[in-house]
Amino acid sequence: MATAARPQIAGGPLPRHVAIIMDGNGRWAKKRLLPRAAGHKAGVEAVRAVTRAARTMGIEALTLYAFSSENWRRPAEEVSDLMGLLKFFIRNDLAELIRENVRLRVLGDYTRFSADVVALIDDALARTAKNSGPILAIALNYGAQAELVRAAQALAVRAQDGTLDPAAIDVGTIERELETRELPPLDLMIRTSGEHRLSNFLLWQAAYAELLFVDTLWPDFSARDLAAAVEAFGQRQRRFGGL
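Quick summary incoming for the structure in this document. (Residues numbered from 1 in each chain as written. Predicted model: local features only at pLDDT ≥ 70, side-chain atom pairs only at ≥ 80, totals over all residues. Heavy atoms only, no water.)

1. A word on the nonpolar core
The tendency in soluble globular proteins is for nonpolar side chains to be buried side by side. With 47 residues, the main nonpolar core has Ile 20, Phe 113, Ile 121, Leu 140 and Ile 190 as its most contacted residues. The greatest single-element share of this core, amounting to nine residues, is contributed by helix α3 (residues 76-99). Not counting residues up to four positions away in its chain, the partners in contact with Leu 140 are Ala 66, Phe 67, Leu 86, Val 106, Leu 107, Gly 108, Asp 109, Tyr 110, Phe 113 and Ile 121. Counting 17 residues, the second-largest nonpolar core is a separate cluster that includes Ala 61, Tyr 65, Ala 139 and Leu 183. (Core = buried A, V, L, I, M, F, W, Y, C linked by side-chain atoms within 4.5 Å. Buried < 20%, exposed > 50% of the residue type's maximum accessible area, 1.4 Å probe, protein only. Helix = DSSP H or I, 4+ residues; strand = E, 2+ residues; numbered from the N terminus. Contact = heavy atoms within 4.5 Å.)

2. Here's the deal with α3
Taking 1.5 Å as the rise per residue, α3 with 24 residues should run 34 Å; its terminal C-alpha atoms sit 35 Å apart, in good agreement. Of all the bends found along α3, the most pronounced is centred on Asp 93 and spans about 50°. The positive-phi residue at the C-terminal boundary of α3 is Asn 101, with phi of around 65°. (Expected span 1.5 Å × (residues − 1). Bend = angle between axes of the 7 residues up to and from the residue.)

3. Let's talk about the pairing of strand β6 (residues 135-142)
The buried count for β6 comes to eight of eight residues, which makes it a mostly enclosed element. Where strand β4 (residues 61-68) meets β6, seven bridges bridge the pair, whose relative direction is parallel. The residue of β6 that forms the bridge with Phe 67 is Leu 140. Judged from the five bridges that link them, strand β5 (residues 103-107) and β6 form a sheet pairing that is parallel. Bridging from a neighbouring strand, Leu 104 pairs with Leu 136 of β6. Note that the unit made of β5, helix α4 (residues 115-128) and β6 has a crossover that is left-handed. (Pairing = 2+ DSSP bridges. Right-handed = clockwise from strand over helix to strand, strands pointing away.)

4. Examining the pattern of salt bridges
According to the stated counting rule, one finds 18 salt bridges in the structure shown. Here Glu 45 ties to Arg 48 by a salt bridge, and the two come within 2.7 Å at their closest N and O atoms. Of this pair, Glu 45 and Arg 48 both sit in helix α2 (residues 36-57), separated by three residues, roughly a single helical turn. Residues Arg 150 and Glu 179 are paired through a salt bridge, measuring 2.5 Å at the closest nitrogen-oxygen approach. You can see Arg 150 sitting in helix α5 (residues 144-160) and its partner Glu 179 sitting in the loop between α6 (171-175) and β7 (188-191), a full 29 residues away along the chain. Glu 179 sits in the partly exposed class, given a relative accessible area of 21%. One connected set of salt bridges, linked through shared partners, spans Asp 23, Arg 27, Arg 191, Glu 195 and Arg 197. (Salt bridge = Lys/Arg side-chain N within 4 Å of Asp/Glu carboxyl O.)

5. Overview of the environment of Ser 80
Relative to the assigned elements, Ser 80 resides in helix α3. Taking relative accessible area as the criterion, Ser 80 reaches 45% and is therefore assigned partly exposed. Sequence-wise, Ser 80 and Gly 172 are 92 residues apart; in three dimensions their C-alpha atoms are separated by 38 Å.

6. Some points on the packing of aromatic side chains
Under the counting rule described, the total for this entry stands at seven aromatic pairs. Relative to Phe 201, the ring of Tyr 65 has its centre 4.1 Å away and its plane inclined at 10°; by these criteria the two rings are stacked. Of this pair, Tyr 65 sits in strand β4 while Phe 201 sits in the loop between β7 and β8 (210-213), placing them 136 residues apart in sequence. With respect to class, Tyr 65 is no different from Phe 201; both count as buried. (Phe/Tyr/Trp six-rings, centres within 6.5 Å; stacked < 30°, edge-to-face > 60°.)

Laid out in structure tokens, this is it:
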């Protein structure tokens, strides 16, 4: 069976999977003499705009770094504010995700959150599980190093009980243990706010992804910015180690 051609944009193919490190909420608020919570609230509006734009453009999977495993180091009040915004987003946007046939996925161990947050996430995952459209993956209490440790431990157990030959472990074996196993390969990683690091996000998956660092603070990142990032991706030459 012939495979469908990938959608084209100016300069090249559309990325199948885009991941975004949403950075700069605090600085956005500070510039406006507002509390950090105001920046996070504005960031939720950017999430809405960008997720809708990604669906309109035909991007198959969008992964958003919402809460890292290191974010627990932030003040308890800020963590509480972030959890409140997560609940707000699920309660207010789940109906739209269902209507738009979006498959919601969560990367990371969200079971560490409070019981009411876990219940909301479980319900959202269950209600979108049978959808067949684009994937929206939210990284919650996620860290790439921990993900790789869990994958290594799972493979070690299988090797120890004799169900896996260590010599047979290859790239595909590892990728099937990662939390992104249901997602297309990562094509484009975007980080907002002018920082130039991956901050423990999708380290394995980013091996051959195109990286784009923009100065725009996350609350100001718009559908137009996403379109510009995708166009920049289309103009890059991806050789994957070849010529």
